[in-house]
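# Examining the three-dimensional arrangement
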Amino acid sequence: MANVQDSGLSMLERFREVNRTFPRNRELVEWRDRGGKVFGWLCTYVPEEVIHAAGVLPIRIVGYSQETDLDDGNAYMYVNNCSFSRSCLQLGLRGEYDFLDGVVGGSTCDGARRLFDLWRQYVRTPFHHVLTVPRKYTDRAHMLYHCEVLEFKQHLEEYLGLKITEEALYHSILLYNESRELLRKLYDLRKQEKPPISGAETMEVLNASFRMPKEVFNQWLADLLDEASRSERKSSGRVRLMLVGSVLTNADFVRFIEDQGGMVVTDELCTSTRYWGDPVVLDSGLSLTEAISRRYLNNFPCARMFPSEERFDRIIQAALGFRVDGVVSQTIRYCVPYAHDLPLLEKRLRECGIPMLALDIEYGTSGSGQIKTRVQAFIEMLEAKRR
Amino acid sequence: MTSQMTENKLSVIIRACRLVRRMLRADPEARRSQLMYYSMLEEYFARILRAKEEGGFLVGHTVFFPAEIIYAMGLVPMHTETATWTMALFTGDCSDILASGARLGMAQEICTPHRGLTGAFASGALPHPDVMLWSNMVCDNTAKSGELIMEVCHCPGFLLDRPFKRSQHEIGYLVSELEDMICFLEERSGRKMDWDKLSEIVARMDRQIELVRQINELRKNVPTPFRPQGFLELLTVDYLFPGQPEALEYLETLHQELTEAVREGRGAVKPERFRLMTFFIPPMYLMGFLDRMSRQFGAVSVIEPFFTYWGEGRLEASRPLESVAMKSYMIPEMRMYGPLDERALNAIVQCVDDYKVDGAIYYADVGCRHSCATIKLFKDILAEKGVPTLVVDCDVVDSTVTPEDEVREKLEQFFELLEER
C-alpha cells in the first residue's frame, strides 16, 4: 500500500492470498481436485487461449518473487543466464512445479530457450512443446506463427485425445479478452492524478492473474474495480513513473520505488502491460486461430522483436498517455535483449524529453542501498524538473 | 584519427598473418595447408581494407550468416565476430574497443565479441560497412546487435529472421527471408544476384562439407594427425570462405596431408596421450599457450561435436536458395543453438565412441549464455560414458578474465586426472 492513503481494498487480500499460497492456492487445488490438468507456460508469446480451450488450466511459470539462493539453478544453468530463468529452473528442480502436466515455451530469448531445454531434461514434465516465434511483423511472419499455433493446437489435441472445438476456442477468446479489458480498466484508474491503487498493488493483482482460472479472476477483478472506483484512496506519490525492462514479479520492488516518493502509474513489462495489452480481434474475417496468432505477434512487443522502434514507440505512447515524469528501466543481469535496447531507448526518450533511470538488478531483488540512492536521486531530479 | 585507427587494426591482422607465414616457411615441419590458411586470412582482411578505395560494397554480417549470397553478388563480406576475435588473437588486447563499446552504453552482459565489435565500429578500428546483415541464428546478442551498429555506422541493415525449428513451413519462411534479403542487397548495392554463381558456390559448399567430414574421419585415427587446436582453422574457413575456391583448395590440401600422416603413422603430438573433445571456443589470446600445453602433455582435440562435426544432409546446386536455407540447419553449431533434442545429445555420445575420447574441455565463455547453460547437461552425458570434463571459465576476447597461470594449473590437474585413469 505504498504511499496510497486510506484504508485497504478488501479485494486485494484475495489476490494476495493466491500469490502467498501458490502453488497450493485454493483455486488451483480445487481445479486439480476436479481432475483438471494444468500446463505451465514460459513466455507471453505462448497463446493461452489454445490451452484453455483444450480444457487445461494455463498458468505462468515464474521464479521466486523474492531474493533467494539459486544454488540448483546456478549449477544447472550457470550464473551468466538471467536470474529469472535460473529461479524458474530452481523451483522446477525442487519439485515446486511437479503438479504440472505440461510445459509450453517459445523461441523467444536465450534464457527462455535454455530454460525449456533444461526443464525438459531434468524436470521432466510429461508434455512439452516449443513454438517458433518470428521476430518480425511481416505477413509471412504472421503466416509462420499461425502455422505454429495450429501445430501446437494439433499437438495438444493428440496428447489429450480430444478435439479443440471452434466453440471452445471462441469462448476462451472471449474470456481472455474480458480479462484484458478489466485489466485495462485497472490501468485507466492509474491515469488519475492521485490513483486509488498503487503500482505494487497492481502487480499483486497481475501475479494472481496467471496463477488461477480466469473465470474466477475476472469476477474478483470486476469486484476490485468496483471497490477501487468507489474508494477515497489516493496515492501520495510525488512523481509519476513508468517501469520498463525485464520480467518482474516482485511487487516489493515496485513498492520500494513508491516508498521513495514515486508513483508507478504504468509499465512495459511482460508480467503486466505486455501480458494483457491487446485483445484478440474477432470479426475481422480471420479464423479464430489466426486471430489468436495475430494478437500474440502484434501485441506490445518484447525487446526481442524487430524493429525495436515498434517497442520504443509504444513505450513513448504509454508514457505520454499516463503523463509520466520519468521512466525507470530495470534490466535483470544477463537479460541481453533489454540490455541491447538501452542505449537506443534512452536516446529516444531523451528526444521526447522523458528522463530515464537505468537499473541493473537481479530477478527477485528488492531495493538495496545503492538502488535506493539512485531511485531517490532520480525522483528528486524529476521533482526539481517539475518545479 | 578514425581512419588511422581503422588502418591500424586491420593492418595489425594483415601484418601478423604475413609474419606467421614467414615463420611457417622457415619451419621444415610446417604444412602447406597452414601457409595457405594464413594467406587466405590475410587476403580476406586486406580485401576489407581495400573495399572502399576499390569501389567494393562492404557487407558486415554476423556469425553463421549465409555469406554464400554475399559472394554470389560480388560484394565484400566482413564476418563481424571473427573480425573481433581475430583482433584478440593477433593483438592480445581488446581493451580499447571494449571501452569504446562501454562508452556507447553497452552493458557488461553483452558478450565481448559484440561489445568489442560495436566499439570497434564506433572508434573506427574497423571500417564501417555499407550495409549490416545480422540474424537470430545463434543468440540474442547476434539477434540484437544490428540496430545499434546501424546507428553507429549510419548504414542500413537487414535482420534475417531464421525460424527456430526446421519444419517445412519454417524452411519456407527462411527461403522467403533470404529472397527479401537479396532484394534488399540488390537495392542498396546496385548489384544483381548472379544465380548461376550461387549454384556454383552451393556446389562447392557441398564439397567443402564433405571434405570436413572426410577430415574428421581421418581424425579418428590413433594417433590423430590434425594439430591440437587445428579445428579453429576449419571453423574460420567455414565462417569466412563458404563455397569459395580457396577453401576447397585448402581443405583438399589438408586432407591430403592428413592422409599421408595417417599412412605413415605420424600423430599431431608425440606421443599422443590424451584425446580430447572440445566445446566452444578457447580464449583467442591464449592460443599460443594452449598449443604449447597440448604438445607438452600430448593432448589433442580430436572432435568438436558442435563445431566441426557436420550432420547428415547434402546441398543441391539446382536449388541454391533452399540449400542455403537447409545448410543453416545442418551447421554443427546449430545442434547446440537450436532445439536441444535427443539428436543433438546423441551426437556427443556418438563422438565419444567414434573418436575414442578420453576427456572433454569445455570453454565456458562468460559472455555466452547458451553454451554455459549446457555445461552440466553435457558433463552429465559424458560422465555416463566415463569421460571427465574440465570447465575453463574464460572470455574469448577479453584477456583480463582468465590469466594464463590459472588455465595452466587447471589443465595440468586435468591431465593428471586423465593420466591416473
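What this report covers is the structure whose coordinates are included nearby. (Residues numbered from 1 in each chain as written. Chains lettered and ligands numbered in written order. Predicted model: local features only at pLDDT ≥ 70, side-chain atom pairs only at ≥ 80, totals over all residues. Heavy atoms only, no water.)

When helices and strands are tallied, chain B shows 18 helices and eight strands. The C-alpha radius of gyration of chain B comes to 21 Å, within 12% of the 22 Å expected for a compact globule of 421 residues. If one aligns the C-alpha atoms of chain B with their principal axes, the spans along those axes are about 60 × 50 × 40 Å. Residues classed as buried in chain B amount to 66% of the 421 residues present. Considering only contacts within chain B whose residues lie at least 6 apart along the sequence, 79% involve residues at least 24 apart. Surface accessibility of chain B: about 14,900 Å² in total, with carbon and sulfur atoms responsible for 48%. Distance between charge centres in chain B, computed from 47 positive and 63 negative side chains, equals 3 Å. (Helix = DSSP H or I, 4+ residues; strand = E, 2+ residues; numbered from the N terminus. Rg over C-alpha atoms; globule rule 2.2 N^0.38 Å. Buried < 20%, exposed > 50% of the residue type's maximum accessible area, 1.4 Å probe, protein only. Contact = heavy atoms within 4.5 Å. Areas by Shrake-Rupley, 256 points an atom, 1.4 Å probe, with all protein chains shown as cover. Lys, Arg positive; Asp, Glu negative; His and termini not counted. Charge placed at Lys NZ, Arg CZ, Asp CG, Glu CD.)

Residues and elements named next belong to chain A. What the four strands build is an open sheet, ordered 8-7-9-10; its pairing is parallel. On the outer flanks of this sheet lie strand 8 (262–268) and strand 10 (356–361), each paired with one strand and no other. Here the average twist between neighbouring strands, direction ignored, is 30°. One ladder, built from five bridges, connects strand 7 (residues 239–245) with strand 9 (residues 326–332); its direction is parallel. Bridging across to strand 9, L243 finds its partner in V328. Contacts from helix 11 (residues 251–259) reach strand 7, strand 8, strand 9 and strand 10, with the element oriented near 140° to strand 8. Against the sheet, helix 14 (residues 308–321) contacts strand 7 and strand 8, and its axis sits at roughly 160° relative to strand 7. (Pairing = 2+ DSSP bridges. Axes fitted to C-alpha atoms, helices over the stretch in contact; angles between N-to-C directions.)

A few words now on the packing of helix 11 of chain A against helix 16 (residues 369–386) of chain A. Residues and elements named next belong to chain A. Contact pair helix 11 / helix 16: the axes reach a minimum separation of 9 Å and the direction vectors enclose 45°. Accordingly, the angle class assigned to the pair helix 11 and helix 16 is oblique. Taken as a pair, helix 11 and helix 16 cross one another with a handedness that is right-handed. Residues F253, F256 and I257 of helix 11 touch helix 16, and the partners they reach there are I371, K372, V375 and I379. Residues belonging to the contact of helix 11 with helix 16 are distributed by class as follows: six nonpolar, no polar and one charged. (Parallel < 35°, antiparallel > 145°, perpendicular 65-115°, else oblique. Left-handed = near helix turned anticlockwise from the far one by under 90°. Nonpolar A, V, L, I, M, F, W, Y, C, P; charged D, E, K, R; others polar.)

A few words now on the interface of chain B and chain A. Interfaces are frequently sized by the accessible area removed from exposure as the parts join. Facing the 54 residues of chain B at the interface are 48 residues of chain A. Between chain B and chain A, the buried area comes to about 4,300 Å², and carbon and sulfur atoms account for 53% of it. Sorting the residues of chain B by area buried against chain A places E109, K144 and R369 of chain B first, and these three jointly supply 17% of that buried surface. Its salt-bridge partner being K165 of chain B, residue E148 of chain A comes within 2.8 Å of it at the nearest N-O pair. Scanning the region where chain B abuts chain A turns up 36 residue pairs in polar contact (both at pLDDT 80 or more). Elements supplying a minimum of two residues to the side of chain B that touches chain A: helix 7 (140–153), strand 4 (157–160), helix 8 (168–189), helix 14 (334–337), helix 15 (342–354), strand 7 (359–365), helix 16 (369–373) and helix 17 (375–384) of chain B. In terms of residues, the side of chain B that touches chain A owes the most to one element, helix 7 of chain B, which gives eight residues. Broken down by class, the residue content of the side of chain B that touches chain A amounts to 26 nonpolar, eleven polar and 17 charged. (Buried area = accessible area lost by both parts, 1.4 Å probe. Salt bridge = Lys/Arg side-chain N within 4 Å of Asp/Glu carboxyl O. Polar contact = N/O pair within 3.5 Å; in protein donor to acceptor, adjacent residues only side chain to side chain.)

What follows covers the pairing of strand 5 (residues 127–131) of chain A. All names here are of chain A. Burial within strand 5 is extensive, with four of its five residues counted as buried. Pairing of strand 4 (residues 102–106) with strand 5 involves five bridges; the strand directions are parallel. Residue pairing for strand 5: V104 is matched across the bridge by H129. With respect to chirality, the unit in which strand 4 leads through helix 6 (residues 110–123) into the neighbouring parallel strand 5 is right-handed. (Right-handed = clockwise from strand over helix to strand, strands pointing away.)

The next subject is helix 10 (residues 231–240) of chain B. Most of helix 10 of chain B is tucked away, with ten of its ten residues classed as buried. Turning to helix 10 of chain B, its buried residues are F231, L232, E233, L234, L235, T236, V237, D238, Y239 and L240 of chain B.

Residues and elements named next belong to chain A. Summed over all chains, the structure comprises 35 aromatic pairs over all chains. Between Y97 and F99, the ring centres sit 6.1 Å apart and the planes meet at 40°, which makes this aromatic pair tilted. In this structure Y97 comes out as buried when scored by relative accessible area, which is 2%. Given a relative accessible area of 11%, F99 falls into the buried group. An angle of 55° between the planes, with centres 4.7 Å apart, marks the rings of Y187 and W276 as tilted. Of this pair, Y187 sits in helix 8 (residues 166–189) while W276 is found in helix 12 (residues 273–276), placing the two residues 89 residues apart along the sequence. A residue is classified by how much of its surface remains accessible, and Y187, at 1% relative accessible area, is buried. (Phe/Tyr/Trp six-rings, centres within 6.5 Å; stacked < 30°, edge-to-face > 60°.)

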